[in-house]
Amino acid sequence: MSMNKVLEKKLLEPLSGNHAVAYAVRDCDVDVISAYPITPQTTIVEKLAEFVASGELDAEFLHVESEHSALSAAIGAAASGARAFTATSSQGLALMYEVLFIASGMRIPMVMALVTRALSAPINIWNDHSDLMASQDTGWIQLVSTNNQEAYDFIIIGYKLSEREDVMLPVMVALDGYIQSHTIEPVQLEDPEKVRKFVPKKKRPVTLDPEKPVSFGTLGDPDWYYEFKIQQAEALERAYQAYKEVSSEFSQYFGRSYEPFQILYGEDSDAILVVLGAHTGTFLKAVEMARREGMKIGLGVIRMLRPFPPEVSKYLSQYSFIGVADKAINFGSASGSYLTNDIATSLYLEGASSRITTYIYGIGGRPVKIEDALYVVRHLWRISKRLEEVPKKPVFVGVRY
Amino acid sequence: MKKPGVKDLYIGAVIINPPTSLTNKTGSWRVIRPVIDQDRCIRCRICWAYCPDAAILELDQPYEAGGKKYSITYVVNYDYCKGCGICAAECPVKAIKMIPEVEKL
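Residues numbered from 1 in each chain as written. Chains lettered and ligands numbered in written order. Predicted model: local features only at pLDDT ≥ 70, side-chain atom pairs only at ≥ 80, totals over all residues.

Thoughts on the overall build of chain B
Here comes step 1: Broken down by element type, chain B carries three helices and six strands.
Here comes step 2: Ordering the α and β elements of chain B from the N terminus gives α-β-α-β-β-β-β-α-β.
Here comes step 3: Scaling as 2.2 N^0.38, a compact globule of 105 residues should have a C-alpha radius of gyration of about 13 Å, whereas chain B reaches 18 Å, well beyond that.
Here comes step 4: Principal-axis analysis of the C-alpha atoms gives chain B an extent of 65 × 40 × 20 Å.
Here comes step 5: Expressed as a percentage of its 105 residues, the buried residues of chain B come to 15%. (Helix = DSSP H or I, 4+ residues; strand = E, 2+ residues; numbered from the N terminus. Rg over C-alpha atoms; globule rule 2.2 N^0.38 Å. Buried ≥ 20, exposed ≤ 12 C-beta atoms within 10 Å, placed from the backbone.)

Rendered as C-alpha cells:
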C-alpha cells in the first residue's frame, strides 16, 4: 500500500508492532539507520531496508558489525546533525550498555526502539522486561507502549521530545517482543507530510561540522565532570514537562494523547494495580471481570518509565493498597522488583503509608493468561479487604515450585 | 576567577571554542625531556612520525654536521612534549637522550 493510497482511504493498516515502528521511522524522515539484527527486533530494520531500497525513505542504511557499533554509529550520525535511528533487544541492548551512557552523557538526540526480550542465561528469545528495566538508569528517556498504535505514536513523539533544545537526550521506545512485535493490530498511519510538519528538522546550534569545528566526546576531569552530570540530570527531569507539552501538541495534530501515568477505574477502588507494557490489556480485562464480581480494583498504567512521572506517587498515595505487576526480577534489591522500588520510594518521599504487593509474572515469556491476571487482581482485592497479609516478598505468578 | 558552572557550560562536554588543545600546555606534565643531538641526527624523520603529540617540529633550517649538509632541522616543541620518550626509543642512531627535568635530590 503506497503512502498516497493510505492517505486517500484513511485506512487503518494491519501492522505488526515492528512494522508500525518502521512506518513511524519512515514518516519521521530519518536520515541514518544503523542496523544489526537480533530477535525479536529484526523485522524493524528489515522493513526499513525495504523502505530505503524502494526509495520511500531517503536514508543511509548502515550495516554494522554489532549492537555496540549500531548505537555508536547512530550517535556519530546524530552528533553531525542527522536524525538517527536504531533498534535492538535483550543481549543487543546489553552489548550497548556502555554506549547507552555515552549517548545520554553526550546529550545526543535520537530514538531507539527496544523490542523487549528476556536476558540470558539461560538463553531465551521470548518476552519479559529484564532488558528494559536493567537499562532504566542509563540516562535515557523511556516510553513504554501498550499496543502497536502507541509504538507508532511514541516514535514520532520521541523525535520531537528528544530534539527539544531544553531536553537533548536519547529516547528509548519499548514494545513487547512477540506480543506486540509480531502480532498484527490495526494501526492508524498518519500522513507523512503531517508527521514531518509535527517533527520538523531544525538545524541544531552545535553539530560536528567541518566548517565550524567542535569536539564531542571530550575528557571531563574532576574539575568539570560534575557540572555536566547535573546538567544531564536536570534535562532528564525537564523531559517530563516537555513530554506533556509534546504529547498535547501530538493530540492536537493527530487526536491521540498518552498520559505518563494513567489510572483507570480509580474513583471508587479499594486498591490500584500498576502495570506497564503489552499486558496492560490483559490486566485491564481482568480488572473489568473482577469489578463485575464486585471487587473494586483500579488499574494504573505507566507509559513513561524515565523520567519516573511525579504524579505516580501523587495519585497512588490516595490508596491504602497498591499492587505492582512487574515482568522482570530485580535480583537482590529491596523489593525484588524494579517497578516496586521506584513506586515505594516515590510514595515514601510523598509521606504516604500505602502498602505495596509485588507480582512478578511472565518471566522468560511464560504465557500470561487471563486466569493469571485474574489471580493477581483477586489476590490484591483480598489484601485490600484485609483477608490476607501484605507479603514482604514478591508473589511469583505461575512459577512451579 | 569563578569557573563556569552548570548554567554556563555548553551541554554534553562539547567543546564549542576549539582549539582548546593549543592553550592547554601539556608540556608541564613532563618529568624527562628529549634532547636532540643535532650532530648525530641523520634527519630520517622517524621521531617526527612517531611522536604521539606532534611535538617534534620539522624546521626549514639548514644544518651542517660531519661534513654533511641538511636543509632541515628537527626540534622539540616543549610546550606540548609530555616526555613519553618514544622518539628516543625509536631513533635509529640514538641521537635523542631523555634528560630529567629535575636533578635527583
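Brief notes about the sheet that holds strand 9 (residues 261-264) of chain A
Residue and element names in this part refer to chain A.
Here comes step 1: Read across the sheet, six strands follow the order 9-11-10-13-14-15 without closing on themselves; strand pairing throughout is mixed. Looking at which strands have only one partner, the edges of the open sheet turn out to be strand 9 and strand 15 (395-396).
Here comes step 2: Here five bridges tie strand 10 (residues 271-275) to strand 11 (residues 297-302), and the two strands are oriented parallel to one another. Across the sheet, the residue bridging to Ile-272 is Gly-298, located in strand 11.
Here comes step 3: Strand contacts of helix 14 (residues 370-384): strand 10, strand 11, strand 13 (321-326), strand 14 (355-360) and strand 15, with the helix running at about 145° to strand 10, the strand carrying the most contacts. (Pairing = 2+ DSSP bridges. Contact = placed C-beta atoms within 7 Å. Axes fitted to C-alpha atoms, helices over the stretch in contact; angles between N-to-C directions.)

Notes on the interface of chain A and chain B
How big an interface is tends to be stated in terms of the accessible area lost upon association of its parts.
Here comes step 1: Contacts between the two partners involve 15 residues from chain A and, on the opposite side, eleven residues from chain B.
Here comes step 2: Ranked by residue count, the leading element in the side of chain A that touches chain B is helix 10 (residues 225-254) of chain A, at four residues.

A short note on the pairing of strand 13 of chain A
Residues and elements named next belong to chain A.
Here comes step 1: Of all six residues in strand 13, six are buried; the element is thus mostly enclosed.
Here comes step 2: A two-sided burial pattern is seen for strand 13, the buried positions comprising Phe-321, Gly-323 and Ala-325 on one face and Ile-322, Val-324 and Asp-326 on the other.
Here comes step 3: Pairing between strand 10 and strand 13: four bridges, direction parallel. Considered in strand 13, the bridge of Leu-273 is made with Gly-323.

Here we look at the packing of helix 11 (residues 280-292) of chain A against helix 14 of chain A
Residues and elements named next belong to chain A.
Here comes step 1: Taken N-terminus to C-terminus, the directions of helix 11 and helix 14 make an angle of 55°; their axes are 8 Å apart at the nearest point. Judged on the interaxial angle alone, helix 14 and helix 11 are oblique. Read as a crossing pair, helix 11 and helix 14 show a hand that is right-handed. Taking contact as the criterion, the partners of Thr-282, Phe-283, Lys-285, Ala-286, Val-287, Met-289 and Ala-290 in helix 11 are, on helix 14, Ile-370, Ala-373, Leu-374, Val-377, Arg-378 and Trp-381. (Parallel < 35°, antiparallel > 145°, perpendicular 65-115°, else oblique. Left-handed = near helix turned anticlockwise from the far one by under 90°.)

Quick word on unusual backbone geometry
Here comes step 1: A cis amide bond links Ser120(A) with the next residue in sequence, Ala121(A), at an omega value of -5°.
Here comes step 2: By secondary structure assignment, the location of Ala121(A) is in the loop between strand 5 (111-116) and helix 7 (130-134).
Here comes step 3: Of note, the bond from Ala121(A) into Pro122(A) is cis; its omega dihedral lies within 30 degrees of zero at -5°.
Here comes step 4: As for its placement among the helices and strands, Pro122(A) is situated in the loop between strand 5 and helix 7.
Here comes step 5: Residue Arg43(B) is not a glycine yet carries a positive backbone phi of 60°.
Here comes step 6: The phi angle at Ala54(B) is positive, at roughly 50°, despite the residue not being glycine.

A word on helix 4 (residues 67-79) of chain A
All names here are of chain A.
Here comes step 1: With 13 residues, helix 4 should cover 18 Å at 1.5 Å per step; its first-to-last C-alpha distance of 18 Å lies within 8% of that length.
Here comes step 2: Listed as buried for helix 4 are Glu-67, Ala-70, Leu-71, Ala-73, Ala-74, Ile-75, Ala-77, Ala-78 and Ala-79.
Here comes step 3: Where helix 4 is buried, its residues contact strand 2 (32-35), strand 3 (60-63), strand 4 (84-88), helix 5 (90-95) and helix 6 (97-105).
Here comes step 4: Positive phi appears at Gly-81, one or two residues downstream of helix 4, with a value of about 105°. (Expected span 1.5 Å × (residues − 1).)

A few points about the sheet that holds strand 4 of chain A
Residues and elements named next belong to chain A.
Here comes step 1: Sheet architecture is open: seven strands sit in the order 3-2-4-5-7-6-12, paired in mixed fashion. For this open sheet the edge positions go to strand 3 and strand 12 (304-306), each flanked by a neighbour on one side alone. The sheet shows a mean angle of 20° between the axes of neighbouring strands, taken without regard to direction.
Here comes step 2: Taken together, the four bridges between strand 4 and strand 5 define a ladder with parallel strand orientation. Paired with Phe-85 across the bridge in strand 5 is Val-111.
Here comes step 3: Here helix 8 (residues 148-162) sits on the sheet and contacts strand 5, strand 6 (141-144) and strand 7 (171-176); the angle it forms with strand 7, its principal contact strand, is near 170°.

Considering the nonpolar core
Here comes step 1: If you look at the biggest cluster of nonpolar residues, it comprises 121 residues, and the most contacted ones within it are Val21(A), Ala74(A), Ile155(A), Val173(A), Leu273(A) and Val377(A).
Here comes step 2: When we break this core down by domain, the ones giving at least three residues each are domain 1 (3-254) and domain 2 (261-396) of chain A.
Here comes step 3: The contacts of Ile155(A), once residues within four sequence positions are left out, are Val21(A), Ala24(A), Val25(A), Cys28(A), Val111(A), Ala113(A) and Val173(A).
Here comes step 4: Counting residues in each nonpolar core, the second largest holds twelve residues, with Ala55(B), Ile56(B), Ala95(B) and Ile96(B) among its members. (Core = buried A, V, L, I, M, F, W, Y, C linked by C-beta atoms within 7 Å. Domains from an automatic or database assignment.)

Considerations on helix 8 of chain A
Here comes step 1: The terminal C-alpha atoms of helix 8 of chain A lie 21 Å apart, and with 15 residues this matches the ideal 21 Å at 1.5 Å per residue to within 8%.
Here comes step 2: Of all 15 residues in helix 8 of chain A, 15 are buried, a share of seventy percent or more.

Topic: the packing of helix 8 of chain A against helix 10 of chain A
All names here are of chain A.
Here comes step 1: Look at helix 8 against helix 10: their axes get within 10 Å of each other, and the N-to-C directions meet at 125°. Between helix 8 and helix 10, the crossing angle belongs to the class labelled oblique. Between helix 8 and helix 10 lies a crossing of right-handed hand. Two secondary-structure elements touch here, helix 8 through Asp-153, Ile-157, Lys-160 and Leu-161 and helix 10 through Ala-239, Ala-242, Tyr-243, Val-246, Ser-247 and Phe-250.
Here comes step 2: Its residues assigned to classes, the contact of helix 8 with helix 10 comprises seven nonpolar, one polar and two charged. (Nonpolar A, V, L, I, M, F, W, Y, C, P; charged D, E, K, R; others polar.)

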